[in-house]
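# Structure at a glance
Take a look at the letters that make up each chain.
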Amino acid sequence: MTEPTKKYKINDYLYQLNVRNYRKAIQTLPKILGISLNTFQNYRNILGNDTQDIPYEKVVMMEQLFDMEPGSLRTTPIRQHSLKELFEPKESNEDSVSSS
C-alpha cells in the first residue's frame with residue numbers, strides 16, 4: 001500500500017539528513033519558524049488534497065532553510081495563467097465576434 005502524497009516536501013528533505021542532523025532539525029526548525037513542535041508535525045503531514053495549508057511566510061522560510069528554489073517546497077506546483085494571458089482575446093473568439 002502506498003502512502004498518500006503530502007502537499008509539501010518537508011519530509012523528503014528531512015529524510016535525506018543523517019540521524020544526528022535529522023534530530024537536530026526536528027528540534028530546531030519549530031523554534032526558527034516560531035511555531036510549536038506539534039504545529040510543525042502537522043505541517044509535515046498535510047496531504048495533497050487537504051484544504052489545510054501552511055502560512056506563506058513559513059513556506060518561504062522553509063524553502064530558504066532547505067536551500068530550495070521559491071515555490072519548490074510544494075509537491076505539486078500551482079499552475080496559473082497570468083492576467084495578461086487571461087485578458088488577451090483568443091483568436092477563435094475574435095473571429096466569431098468579427099464575423100457576426
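Note: the structure precedes this text.
Residues numbered from 1 in each chain as written. Predicted model: local features only at pLDDT ≥ 70, side-chain atom pairs only at ≥ 80, totals over all residues. Heavy atoms only, no water.

## Overview of the environment of Thr76
Quick reminder of the rule: By definition, any uninterrupted DSSP run of H or I lasting at least four residues is a helix, any uninterrupted run of E lasting at least two residues is a strand, and each is numbered from the N terminus.
Note on placement: Thr76 falls in the loop between α4 (56-65) and α5 (83-87). Along the sequence, Thr76 and Lys9 sit 67 residues apart, while their C-alpha atoms lie 9.6 Å from each other.

## Side note on the packing of helix α2 (residues 19-33) against α4
Just so we agree on the cut-off: Lines fitted to C-alpha atoms define the axes, with helix axes restricted to the stretch in contact, and inter-axis angles between N-to-C directions lie between 0 and 180 degrees. By the definition adopted for this analysis, an angle is roughly parallel if under 35 degrees, roughly antiparallel if over 145, roughly perpendicular if from 65 to 115, and oblique otherwise. The sense of a crossing depends on the near helix, which, turned anticlockwise from the far helix by less than a right angle, makes the crossing left-handed and, turned clockwise, makes it right-handed. Contacts between residues were defined by any pair of non-hydrogen atoms, one from each residue, lying within 4.5 Å. Polarity classes work like this: nonpolar for Ala, Val, Leu, Ile, Met, Phe, Trp, Tyr, Cys and Pro, charged for Asp, Glu, Lys and Arg, and polar for all others, with Gly in that last group.
Contact pair α2 / α4: the axes reach a minimum separation of 10 Å and the direction vectors enclose 135°. It follows from the interaxial angle that α2 and α4 lie oblique. Where α2 crosses over α4, the two elements pack in a sense that is right-handed. In contact with Leu29, Ile32 and Leu33 of α2, α4 contributes Lys58, Met61, Met62 and Leu65. Classifying every residue of the contact of α2 with α4 by side-chain character gives six nonpolar, no polar and one charged.

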